[in-house]
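# An overview of the molecular structure
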Amino acid sequence: MSEIKKKIVVLASGSGTNLQAIIEAIKNGNLINAEIVIVISNKKDAFALERAKNADIEAVFINPKNFTNNTDYDKKLVEVISNYKVDLIVLAGYMKILTENFINAFANKIINIHPALLPDFGGKGMYGKNIHEAVLKSGVKESGCTVHFVTTKIDAGPIIAQKKVPVIPGDTVNSLSKRILAEEHKLLIEAIKLVLNRVEV
Ligand code: GRF
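The text that follows walks through the structure, step by step, so that each part is easy to find.

What follows deals with the packing of aromatic side chains. The tally for this structure, following the rule as stated, stands at two aromatic pairs. Seen from their ring centres, Phe67 and Tyr73 are 5.4 Å apart, and the 80° between their planes marks the pair as edge-to-face. Tyr73 sits in the buried class, given a relative accessible area of 1%. Between the aromatic rings of Phe102 and Phe106, the centroid separation amounts to 5.1 Å while the plane-to-plane angle is 55°, which identifies the pairing as tilted.

Here we take up the pairing of strand S4 (residues 88–91). Side chains Leu88 and Val90 project from S4 onto one buried face, and the interleaved Ile89 and Leu91 project onto a second face that is buried too. One ladder, built from four bridges, connects strand S1 (residues 6–11) with S4; its direction is parallel. Among the inter-strand pairings, Leu11 is bridged to a residue of S4, identified as Leu91. Bridging between S4 and strand S5 (residues 110–114) involves three bridges; their strand directions are parallel. Within the sheet, the bridge partner assigned to Ile89 lies in S5 and is Ile110.

A few words now on the packing of helix H5 (residues 129–138) against helix H6 (residues 173–196). Any two packed helices are characterised by the angle at which their axes cross and by the distance between the axes. Put simply, H5 and H6 touch, their axes get as near as 9 Å, and they point 110° apart. As far as their axial angle goes, H6 and H5 are roughly perpendicular. Taken as a pair, H5 and H6 cross one another with a handedness that is right-handed. Contacts from Lys129, His132, Glu133, Val135 and Leu136 of H5 reach H6 at Val173, Leu176, Ser177 and Ile180.

Strands sit in the order S3-S2-S1-S4-S5-S6-S7 across an open sheet of seven strands; the sheet is mixed. Only two strands of the sheet have a single partner each, and these edge strands are strand S3 (59–61) and strand S7 (159–166). On average, each strand axis in the sheet is inclined to that of its neighbour by 20°, with strand direction left out of account. Running at roughly 155° to S7, H6 makes contact with S1, strand S2 (34–41), S4, S5, strand S6 (142–149) and S7 of the sheet.

This next bit is on unusual backbone geometry. Residue Pro119 is bonded to the preceding Leu118 through a cis peptide linkage, with omega at 10°. Among the structural elements, Pro119 can be located in the loop between S5 and H5. In the Ramachandran plot, Asp56 falls in the positive-phi region, its phi being about 55° despite a non-glycine side chain. Within the secondary structure layout, Asp56 lies in the loop between helix H2 (47–54) and S3. With phi around 55°, Phe121 is a residue other than glycine that occupies positive phi space. With respect to the helices and strands, Phe121 occurs in the loop between S5 and H5. Residue Phe121 is classed as partly exposed on the basis of its relative accessible area, which comes to 23%.

Here we take up the site of the ligand. Taken together, Gly14, Ser15, Gly16, Thr17, Asn18, Gly93, Ile113, His114, Pro115, Leu181 and Glu184 are the residues near the ligand. Within the side chain of Glu184, an N or O atom sits 2.5 Å from an oxygen atom of the ligand. Isolated, the ligand exposes 370 Å² of accessible area, and the fraction of that covered by the protein chains is 82%. Mapped by element, the contributors of at least two residues to the shell around the ligand are helix H1 (17–27), S5 and H6. The residue makeup of the shell around the ligand, split by class, is three nonpolar, seven polar and one charged.

Cut-offs and rules
Residues numbered from 1 in each chain as written. Predicted model: local features only at pLDDT ≥ 70, side-chain atom pairs only at ≥ 80, totals over all residues. Heavy atoms only, no water. Phe/Tyr/Trp six-rings, centres within 6.5 Å; stacked < 30°, edge-to-face > 60°. Buried < 20%, exposed > 50% of the residue type's maximum accessible area, 1.4 Å probe, protein only. Helix = DSSP H or I, 4+ residues; strand = E, 2+ residues; numbered from the N terminus. Pairing = 2+ DSSP bridges. Axes fitted to C-alpha atoms, helices over the stretch in contact; angles between N-to-C directions. Parallel < 35°, antiparallel > 145°, perpendicular 65-115°, else oblique. Left-handed = near helix turned anticlockwise from the far one by under 90°. Contact = heavy atoms within 4.5 Å. Near = heavy atom within 4 Å. Polar contact = N/O pair within 3.5 Å; in protein donor to acceptor, adjacent residues only side chain to side chain. Areas by Shrake-Rupley, 256 points an atom, 1.4 Å probe, with all protein chains shown as cover. Nonpolar A, V, L, I, M, F, W, Y, C, P; charged D, E, K, R; others polar.

If you want it as structure tokens, here you go:
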């Protein structure tokens, strides 16, 4: 008897390759008893919205310009997401800081993927190229990616899964970020499985 599918909401601001990894995992049976019920973006031109539409998933742009502040914006987010009995909210390259109200409204149900080995190379200002530039500048021999629960402290929530990725001499921001992104796509699926299959104690 097929179980009721767990409902996933994805928030994304960019190209959406991590979103695509979830879409593919569901399609190819690697992620079972789960469905993405809606993809929401704060960027009208986020390719993640195209990816959702191409997969017949509801894709919604919520325009920050229509709100006076983050609190009101996140109230709208809560309102839209509350239409579903959401089991998991995945931040897949979501480039907007979430307010405490939002995080508390979905406590322990929000995860984020970060392209570094947290707690290193995380926190304010550590996103995108900045991360890989800092990693290369530091001279560390390995970087990687992390999936963690989202709390009110940026990039500091409980870690769910991590994958180390070597830094190769001569690496550029581009070569390193590509190598890590390929691992992110796998790690994110494993982390979603862990969270959706956890036993509530
Ligand atoms: C990924 O590197 C992710 O770790 C970071 O933003 C990027 C999103 O990439 N949070 P994509 O939009 O999923 O391709």
